Structures are given as C-alpha cells and as structure tokens.
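# An overview of the molecular structure
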Amino acid sequence: MLQVPLIDQTRTIDMKLQQPTRVITCLASCATPNFAPTFLLVSLLTLLLAWGAVAQTSATTTPAQAPPNFLFILADDQSWAGLSVEMIAGKDFSKGKNFNTPNTEKLAERGMVFSQAYAAHPKCECSRAAILAGRTTTTLNAPTKASTNWSMPLTDSLANSLKRANPTYRAAHLGKWQWPMKPADLGYDQSDGITQNQTGESKDPADPKLSLSLTRRACDFMATQVKEDHPFFLQISFYAVHAPAQALPETLKKYDNLKSTSTGVGNDAAKDSGKGAGKGPGNGPGKENAKNDRATMAAMTQDLDTCVGTLMKKLDALGIANNTFIIYMSDNGGRTEILSGGKGNLGEGGLRVPLIVAGPGIHGATYCNEPVISYDILATVLDFAAPNTVLPKGAEGGSWKTVLHNSGVGKVKRSIDRMVWHQPVEVPHPQSAIRKGDYKVVYEWDTKNAQLFNLVDDLGEKKDLSKEKTELTEQLTAELKAHVIAGLGEEACAALARGETPQNRGGGKGGKGVGKPKDAK
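Cut-off values and rules
- Residues numbered from 1 in each chain as written.
- Predicted model: local features only at pLDDT ≥ 70, side-chain atom pairs only at ≥ 80, totals over all residues.
- Heavy atoms only, no water.
- Helix = DSSP H or I, 4+ residues; strand = E, 2+ residues; numbered from the N terminus.
- Buried < 20%, exposed > 50% of the residue type's maximum accessible area, 1.4 Å probe, protein only.
- Contact = heavy atoms within 4.5 Å.
- Pairing = 2+ DSSP bridges.
- Axes fitted to C-alpha atoms, helices over the stretch in contact; angles between N-to-C directions.
- Arc of directions from axis to C-beta.
- Expected span 1.5 Å × (residues − 1).
- Salt bridge = Lys/Arg side-chain N within 4 Å of Asp/Glu carboxyl O.

On to the overall build of the protein, then. Of the regular secondary structure elements, the protein holds 13 helices and 14 strands. Each of the 521 residues in the protein was classed as buried or not, and the buried ones make up 56%. Residue pairs in contact within the protein that sit at least 24 positions apart in sequence constitute 70% of those at least 6 positions apart.

What follows is the structure in structure tokens.
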C-alpha cells in the first residue's frame with residue numbers, strides 16, 4: 001500500500017510547487033485502503049507535479065521580444081516648416097501655415113518631434129548616399145551626384161549591416177533611388193531599381209507623384225513579412241514634394257484660395273523667394289518647386305500625408321504597430337519664413353528638416369532639442385535591432401535610442417563630435433559647414449571667408465560672430481577643413497581653394513568620381 005506522507009510532512013516539498021502540492025496533500029489525506037488502485041494515485045500525483053513545474057516555469061520566464069520593424073518614410077524636398085506640425089513646441093513659425101497634415105500630427109502625438117534635425121546634404125542624391133552609408137558625404141567621397149567612387153564597401157550599407165547583425169530581417173526600398181549602384185547590392189531584397197526624379201512624374205491623375213501606388217506596394221511588403229514571420233526594414237522614398245507638383249483633383253479643390261503664380265512656393269515661402277541671396281550662408285539657388293503654385297504644393301503635401309495615414313493604419317491592421325518604429329524625415333530642406341537659405345546651400349533652410357519618430361518605448365507628444373542628422377539612422381536602427389552590434393568601419397553617426405527612450409533628454413554619442421556638410425557645386429563659392437555645440441561655421445574655400453553663427457540665439461543666421469569670436473572661428477574652421485581633406489584628399493581641396501569646382505574639374509578622390517564603386521556587381 002502507498003505510504004502517504006502526513007499533511008505537515010508535505011511542507012518539506014519544494015515551495016516552487018506549492019499550489020500543486022496542496023492538491024496532492026488533499027488527495028493524500030483522503031486516501032484509504034478502499035480509495036483506488038495505487039498505480040492510479042501515483043499517476044495522478046506524477047501529472048500534478050509535472051503540471052506544477054511547467055506552471056512555475058511559465059510564471060517566471062518572459063518570452064523573448066520579437067525584433068522590431070522599421071518603417072522609414074523619406075519625403076523629398078520638404079522644408080523644416082513643411083508640415084502642420086510645430087518643429088519647436090509652441091513656436092508657430094516652425095510649421096507651415098498653408099499645410100494640412102493631420103496624419104503627421106497624429107504621428108507626432110504618438111511619438112517625438114526633433115527640433116534640430118538635419119539632412120546630411122542640401123541636395124537629394126548626396127543626402128541619400130549618406131543615409132545609406134551612415135557617414136558624412138566627404139568621408140564617403142560623395143561630394144556631388146557624379147561621385148560614385150565611394151570609399152565605403154557596399155557590404156557596409158545600412159541594410160546589409162542590419163541583415164548581417166540579424167539575418168532574419170528583410171529589407172525593401174521603394175521609390176526614388178538616384179544612384180547607379182543596384183539596390184540589391186546595398187542589401188535590399190525588394191526595390192524599384194534605379195529610379196530618378198522623372199520616374200515620379202506620374203501620367204495617372206489618380207496617382208500623383210506615384211504616392212498612392214508606392215503606398216499600396218509598401219503595405220503589401222509589410223503584410224508579406226508578417227505572414228512569413230520576418231522583421232523588416234522598409235524605406236519608402238516618396239517623390240513628393242519635389243517639383244513638378246502633382247495632386248489629386250479633389251485635394252486641389254480644397255486649396256482654391258491659394259492659387260497663384262508665385263515662385264519659391266515649394267516650402268510655404270513664396271513671398272520670401274529671394275531670402276538668403278545676400279551675405280549670409282543662404283547665398284545660393286534655393287530653387288525648390290519654383291514653377292508650382294501654392295495650391296498644388298499644399299495639395300501634394302496633403303496627398304503625401306494621406307499616404308502616411310494609410311501606412312499607419314496598415315501597421316495597426318497587421319497587429320505590429322506596437323513593435324514598429326516609424327521614422328518620418330525629409331532628404332533636404334527648403335525655404336521657410338525664418339531660416340536662411342534653401343535647397344542647395346548650407347544655410348539652415350537647406351539643411352534643417354522635419355523629423356518625427358514613433359515606436360516602442362517612445363513617449364508620445366514629446367520634443368527633443370538634441371541636434372541629430374540623417375546619417376545617424378544606420379546606428380539607430382542597429383542599436384534597436386541588434387544592441388551592442390559594432391558599427392561598420394568609418395560610420396560616423398550615433399544612435400538616437402538614449403533620447404528616444406528618455407523623453408528627448410540626453411546626448412547622441414558619435415565617433416566624431418561634430419556635424420559636417422559640404423557643397424562644392426551650384427553655389428557661387430564652394431562651401432563647407434560644421435556644427436559643434438551651439439555654433440556653426442560656414443566656410444568658402446576660394447574666398448577663405450568663414451562665418452560663425454550661434455544657432456541657439458540666432459536661428460535665422462543673421463549675425464556673423466566671426467569677428468567677435470576669432471579664436472572659436474579659427475578652431476572650428478581648422479577642424480572642418482581637416483575633416484573634408486581627410487575624406488576628399490589634399491588635391492581635391494586644393495582645387496576648391498583655387499576656385500576649381502567639381503563642375504569643371506571632376507569629383508574628389510578618383511578624378512570625376514565616376515569609377516566603379518567597391519563591391520558593385
């Protein structure tokens with residue numbers, strides 16, 4: 001006969017199995033010679049003990065968190081004030097007065113707005129190259145759109161680095177590309193191939209700038225990855241709001257009151273189309289959307305915003321919104337009512353862009369005043385997807401995780417403690433710029449002229465402090481020149497100093513910069 005322990009003897013049983021032990025004790029105390037065959041009771045006791053072990057293990061083990069998804073929405077030529085979202089909390093001048101973007105407003109309510117976000121370059125091609133590479137255009141040896149002799153192996157691109165860190169990821173790039181390298185060589189499993197601005201000039205009135213069809217295909221890609229259980233990185237590079245402006249007829253009707261033939265309207269600043277054409281750093285073309293009226297521009301912006309809303313709804317429908325980071329940004333800036341310069345030059349207008357990030361662990365309706373730049377995205381994605389992953393050699397960006405998970409407070413740590421831009425073409429004088437702390441220097445290579453601005457006190461870059469703070473100006477200029485020379489080479493920079501720009505001489509290292517990129521197939 002089975003010897004059942006007394007009730008108080010059961011206290012010696014492992015307390016981790018406390019609940020099933022109580023059941024066993026109850027059964028045991030009721031056992032009599034007439035209770036049941038011994039083997040049945042033994043079997044029952046064994047099952048209950050096993051159940052207790054499983055229950056205890058389940059209670060103390062947290063399921064592994066699935067790798068996050070990334071939806072990177074890149075607008076084209078959208079200025080810092082190109083949304084109806086304030087880029088600086090409480091500052092009406094930091095949003096577009098004529099724009100209606102309710103979905104990016106919702107995104108901002110869910111996430112964080114960056115007040116001091118920068119593009120890596122004031123023009124499309126080089127800015128996109130820096131995003132792909134996670135470094136400045138000069139370190140990449142990509143000073144102009146003709147510079148295809150990059151110093152980075154394509155295997156170190158953002159998508160390739162992500163998939164190397166976690167091979168379960170799938171990557172896609174839809175929309176505007178512009179470079180001769182194949183997207184597949186840079187790690188994208190799905191893409192539209194090599195596309196240009198002209199690709200987005202839609203012939204279908206129901207699909208202006210191809211925005212709607214791009215959005216549908218983006219939704220299909222996300223659905224496929226969810227079905228196949230793959231985390232993903234999806235970059236959708238819209239052709240909007242680049243000129244020529246196109247919009248749905250029904251959206252355009254909403255803006256009849258804005259119809260005009262004004263120029264410089266691409267970024268809500270028609271009356272200031274000549275702004276920045278004088279002494280300041282905005283001395284340059286700033287020619288974004290000059291042939292389009294305000295109404296079409298505003299309607300195109302709203303159509304793009306509608307697509308943002310569609311993408312957000314798809315994430316909700318797929319059940320992955322809580323594990324997906326959404327990054328909304330523009331590839332370069334444009335003219336605004338407050339910032340100096342515009343697209344194509346190194347004034348704040350050409351460089352400062354809208355940036356909103358939402359996702360797991362990010363408090364909604366928050367603002368971050370820490371300066372960030374688009375070549376930080378590679379480091380940020382890797383930090384969230386595969387923490388402690390070593391960045392590719394030469395990467396210069398830093399992760400935003402610290403500020404994103406701390407309500408915008410903190411510092412972004414980079415391998416270089418500075419931001420650097422370079423624009424040798426399409427401006428009266430080849431120029432470079434550096435920002436370090438609150439100060440920015442804009443340097444002209446041929447005239448040797450250096451201007452210094454305190455961006456905290458002088459957002460519009462109206463007061464040149466170079467004569468008042470000569471030592472700081474010289475220090476920052478020397479650091480800037482050393483950075484550019486290290487990337488482009490002594491010969492290329494000496495040519496800039498002689499006034500020989502890449503337009504009439506060639507690119508950086510490698511002459512005209514049209515050689516075969518490393519690892520290209």
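And the narrative resumes.
Moving on, we come to the sheet that holds strand β12 (residues 431–436). Taken in spatial order, the 4 strands of this open sheet run β11-β12-β13-β14, and their pairing is antiparallel. Bordering the open sheet on either side are β11 (419–423) and β14 (450–454), each of which pairs with just one other strand. Ignoring which end each strand starts from, the neighbouring axes of this sheet average 15° apart. Taken together, the 5 bridges between strand β13 (residues 439–444) and β14 define a ladder with antiparallel strand orientation. Paired with K440 across the bridge in β14 is F453.

Those residues of helix α3 (residues 102–110) not exposed but buried are N103, T104, L107 and A108. Along the axis of α3, the buried positions cluster into a sector of 150°, meaning they face one direction only. On its buried face, α3 is in contact with β2 (112–114), α8 (294–318), β7 (324–330) and β8 (355–358).

Turning our eyes to something else, we now look at helix α12 (residues 470–488). Think of an α-helix as turning once every 3.6 residues; residues three or four places apart then point the same way. Counted at 1.5 Å a residue, the expected span for α12 with its 19 residues is 27 Å, and the 27 Å between its end C-alpha atoms agrees. Among the residues of α12, T473, L476, T477, E479, L480, H483, V484, G487 and L488 are the ones counted as buried. Buried positions in α12, seen along its axis, are confined to an arc of 165° and lie on one side of it. Residues of α12 that are exposed and point more than 90 degrees away from the buried face comprise E471, E474 and A486. Contact partners of the buried residues in α12: β11, β12, β13, β14 and α13 (490–497). Just beyond α12, the residue with positive phi is G489, at close to 100°.

With that settled, the discussion passes to the sheet that holds strand β6 (residues 232–237). Pairing is mixed in the open sheet, where 8 strands are placed in the order β5-β4-β6-β1-β7-β8-β2-β9. Both edges of this open sheet fall to β5 (190–191) and β9 (366–368), since each of them pairs with a single strand only. Pairing geometry for β2 and β8, over 2 bridges, is antiparallel. In the sheet register, M112 faces β8, and the bridge partner there is V357. Across the sheet, helix α10 (residues 377–385) lies against β1 (69–75), β6 and β7, angled at about 160° from β1, the strand it touches most.

So, about the pairing of β7. Where burial is concerned, most of β7 is hidden: 7 out of the 7 residues are buried. What you see with β7 is no split at all: T324, I326, Y328 and S330 on one side and F325, I327 and M329 on the other are buried throughout. Inspection of the sheet shows β1 paired to β7 by 7 bridges, in the parallel sense. Residue pairing for β7: L74 is matched across the bridge by M329. As judged from the 4 bridges shared by β7 and β8, these two strands associate in the antiparallel manner. In the strand pairing of β8, I326 is matched with A358.

When charged atoms on two side chains of opposite charge get close, those side chains can pair. Inspection of every chain in the model, using the stated rule, returns 22 salt bridges. Here D76 makes a salt bridge to K176, at a shortest N to O gap of 2.6 Å. Remark: K176 occurs in the loop between β4 (170–175) and β5 and D76 occurs in the loop between β1 and α3; sequence separation between them is 100 residues. R352 serves as the salt-bridge partner of E348, at 2.8 Å between the closest nitrogen and oxygen. As far as burial versus exposure is concerned, E348 and R352 are alike and both buried. Ionic contacts of the salt-bridge type, sharing partners, join the residues D76, R128, K176 and D331 into one network.

These figures capture arrangement, not role.
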